[in-house]
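Tertiary structure, described
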2 protein chains.
Amino acid sequence: MGFISTPVKGMNDFTPEDMRLRTHVLSLIRDNYKKFGFDEIETPCMEHIENLSGKIGGENEKLIFKVMKRGRELEKGLQTGEIADSGMRYDLTVPLSRYYANNRAVLPSPLKALQIGNVWRADKPQKGRFRQFTQCDIDILGESSCMAEIELISATADTLSKIFSEVGIREFTVHINDRRILKSMALAAGFPEDKLDEVFITLDKMDKIHLDGVRESLLEEGYDAAAVEKYTAMFSNIPDDTDVSRFCGEICGDYLDDGVKENMDIIMKTSRALLRSGVSLVFDPTLVRGMSYYTGTIFEITIDNYNFSIAGGGRYDEMIGRFSGQNVPACGFSIGFERIVTILRDLGWKEPSDGCPKTAFLVDKKADADKLLKVFKAASGIREQGGTATVEPLAKNAKFQVESLEKNGYTDVRKVYPDTEI
Amino acid sequence: MGFISTPVKGMNDFTPEDMRLRTHVLSLIRDNYKKFGFDEIETPCMEHIENLSGKIGGENEKLIFKVMKRGRELEKGLQTGEIADSGMRYDLTVPLSRYYANNRAVLPSPLKALQIGNVWRADKPQKGRFRQFTQCDIDILGESSCMAEIELISATADTLSKIFSEVGIREFTVHINDRRILKSMALAAGFPEDKLDEVFITLDKMDKIHLDGVRESLLEEGYDAAAVEKYTAMFSNIPDDTDVSRFCGEICGDYLDDGVKENMDIIMKTSRALLRSGVSLVFDPTLVRGMSYYTGTIFEITIDNYNFSIAGGGRYDEMIGRFSGQNVPACGFSIGFERIVTILRDLGWKEPSDGCPKTAFLVDKKADADKLLKVFKAASGIREQGGTATVEPLAKNAKFQVESLEKNGYTDVRKVYPDTEI
């Protein structure tokens, strides 16, 4: 077998330049979430195949990278047909639910968890969509009160404000909805309860096909014309400053519990008051969020000029119960790290300088051992003072070497010959 | 299929407490290596199966977690028997070699690369040995001079000094040898050239079975008794301050090139002069390093009272050529991150305080929306000043909640009732 020098399909090699941006953003995220009291935790990148294929991951379950059994286990598998016993996690929420069920006894309650990690999906590779990518999730487990939603929204918005301010962006929008409102609206319009998930798949295309497209699709799919008309009319002309309680009261009537409206009111009012200047929060009854595990509030963040969301999440009160047999209220918000990085790079992000000197010593091969030791000691001295120093042989093509180092931020490049004083 | 709440066999869930230690050590490593001019890079966690099974990974190739083909590819595989097209990387060196071959055009030369990442080995799980673990590697690619070895040794030793000083340890030992010295000694003793790798597997057990055990094993394996006696005699009574040139000259004779001796002399003399107080560097002719890809200098770091190495590496000038067709000099040093973390935890590591206040607001459920907003605004104010603040509902078992927060470092826990002034 020959060696292959390209990375596995759909996955990336990151250069030092890529990594400067990635590690900078990750450390901003980590530091800022810590100020909100989120504690970092970690789960393995592999999960039991049973946990990944339990119908809670929706479409992602079709995209699992399966990991084969080994040795005797594999031989057994070849006879029975089951040859994979684990798989790469496709998100951080399923592993977190398993983790909470497994470690609850030693975890604080509520647990405010920060997870930063890779996930894998065997998706069709395309621009901006990768088969291995990094997610940054915060979740609050064991808290049913809407304080969880408010903390998640303000922590995520605050973190994004800090990140985007580095490229001069202050404007983005938090969209908020509730699965129960979504459901009540469809029921009030007259759709049958067992068809709701399919209706929502069509509604979810609103940003691409617009309201007219949604109406046409629903009619094509054979739904009752009166229900379709009533439903689509609900979504026309919703002002940004909608009074959500009144809107839901008028539209959903008895299909919606008063508690849901009050909950939404307090989340919106409080979160809005905490956002930085430039950030908007809007009630968005078209917001669906694909995963079927959401049970209450759902949210998403978009940014002008980019036709994708940069963060999303919601409440999933019934997932942990799948692992532990006992439901635990849970709510999370996930930052689309790869998308953030793409936007920052597009907008010409530059690494903030730490103001420390970077010195390169380029040593001619004729320099003797004593000279070499002096150079290394000088380099140590610079590092002790907080600077960066590298010691390398002087290349034949010294001009290219110096240019390459200067491009890499070295402000002081010194050539060292046998007679150079150090 | 039922859900399983434990992690996959041999892999770990990390609690917030675990993670505080892990992220602290990782950021020490990252920051310190950057001062030595190492630039972080990253490769995907999966590699083409061809690259992982090309006989450069030694025993690790038996431990690959194989990832299955998908869809039509898998169907093809079921007919021909090849059902895996990729696997989880078992180290960071093979992927780095592929990476360099793939990206050389845009990389500086020499490339001083830092990699921090997980690797996977389907090893038999046991204490301190996991199936997913983190490695921290530095490598210098494109540099044949011994400046590479000196930079790697002093950067790694300096980083370990900084880490271990947090638990009061200043002593550890860098062991150094050269594959060419290893080979010459065995040839000079009279072992046949085609048996050397097997002889070294036995020699490598020295720390467990001692010199007498090595002698017995070699005799049992049927080697010429005179060769075994001559060989084992070479290893007795090597003082710490051995003059390596003289030792090698006397023992290896013409089997060893003078350049190798001079190279070792300059690496040892210079590196030793750069080590912090407490750190030793010794010539260790029993040092083997398992991987067959090493071509020159090899090194390992041990610490008193622990019977395992905490870092290891060496020169592998012929590996990148396997991917690009063109050899590139390369040398690396890998820190055994999991072992470092184990030692620090054993020795009672405590997180250094950042001196910033940590405040928790515990809000009674009777508090109204206005009160809640005031609390969230107060929390924002604390964060703006650099502190940490969390807002949570006051639990029924408030005593336990307060204790748990205090254990987690919260110095200021405030209960908020409807009549509490904020």
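So, here is what we can say about the structure in this document. (Residues numbered from 1 in each chain as written. Chains lettered and ligands numbered in written order. Predicted model: local features only at pLDDT ≥ 70, side-chain atom pairs only at ≥ 80, totals over all residues. Heavy atoms only, no water.)

**Quick notes on the sheet that holds strand 1 (residues 39–40) of chain B**
All names here are of chain B. Ordered by their spatial adjacency, eight strands build an open sheet running 1-5-6-11-10-9-7-8, and the pairing between neighbours is mixed. Of all strands in the sheet, those bounded by a partner on one side alone are strand 1 and strand 8 (279–283). Across 10 bridges, the pairing between strand 5 (residues 111–120) and strand 6 (residues 132–141) is antiparallel. Paired with Trp120 across the strands is Gln132, a residue of strand 6. (Pairing = 2+ DSSP bridges. Helix = DSSP H or I, 4+ residues; strand = E, 2+ residues; numbered from the N terminus.)

**Comments concerning the side chain of Asn60 of chain A**
All names here are of chain A. Structurally, Asn60 can be placed in the loop between helix 2 (49–52) and strand 3 (66–68). The class of Asn60 is buried, set by a relative accessible area of 10%. Contacts of Asn60, omitting those with residues within four sequence positions, involve Tyr90, Arg121 and Met291. (Buried < 20%, exposed > 50% of the residue type's maximum accessible area, 1.4 Å probe, protein only. Contact = heavy atoms within 4.5 Å.)

**Let's talk about the interface of chain B and chain A**
Between chain B and chain A, the contact holds 98 residues from the first and 98 residues from the second. Buried area between chain B and chain A, summed over both chains or domains, comes out near 8,600 Å², and the portion from carbon and sulfur atoms is 63%. When residues of chain B are sorted by the area they lose upon contact with chain A, Phe3, Lys35 and Met147 of chain B head the list and together hold 9% of the total. Applying the counting rule to chain B against chain A returns 10 salt bridges. With a closest N to O distance of 2.7 Å, Asp13 of chain A and Arg98 of chain B form a salt bridge. Scanning the region where chain B abuts chain A turns up 42 residue pairs in polar contact (both at pLDDT 80 or more). (Buried area = accessible area lost by both parts, 1.4 Å probe. Salt bridge = Lys/Arg side-chain N within 4 Å of Asp/Glu carboxyl O. Polar contact = N/O pair within 3.5 Å; in protein donor to acceptor, adjacent residues only side chain to side chain.)

**With respect to the sheet that holds strand 11 (residues 330–335) of chain A**
Residues and elements named next belong to chain A. Strand order in the open sheet formed by eight strands is 1-5-6-11-10-9-7-8, and the pairing between neighbours is mixed. Each of the sheet's edge strands pairs with one partner strand only, and the pair in question is strand 1 (39–40) and strand 8 (279–283). In terms of strand pairing, strand 9 (residues 297–302) meets strand 10 (residues 309–315) through five bridges, oriented antiparallel. Residue pairing in the sheet places Thr302 in a bridge with Ser309 of strand 10.

**Quick word on the pairing of strand 6 of chain B**
All names here are of chain B. The buried fraction of strand 6 is high, at 10 of 10 residues. Burial along strand 6 is two-sided: Gln132, Thr134, Cys136, Ile138 and Ile140 and Phe133, Gln135, Asp137, Asp139 and Leu141, pointing in opposite directions, are all buried. Pairing geometry for strand 6 and strand 11 (residues 330–335), over six bridges, is antiparallel. Considered in strand 11, the bridge of Cys136 is made with Ile335.

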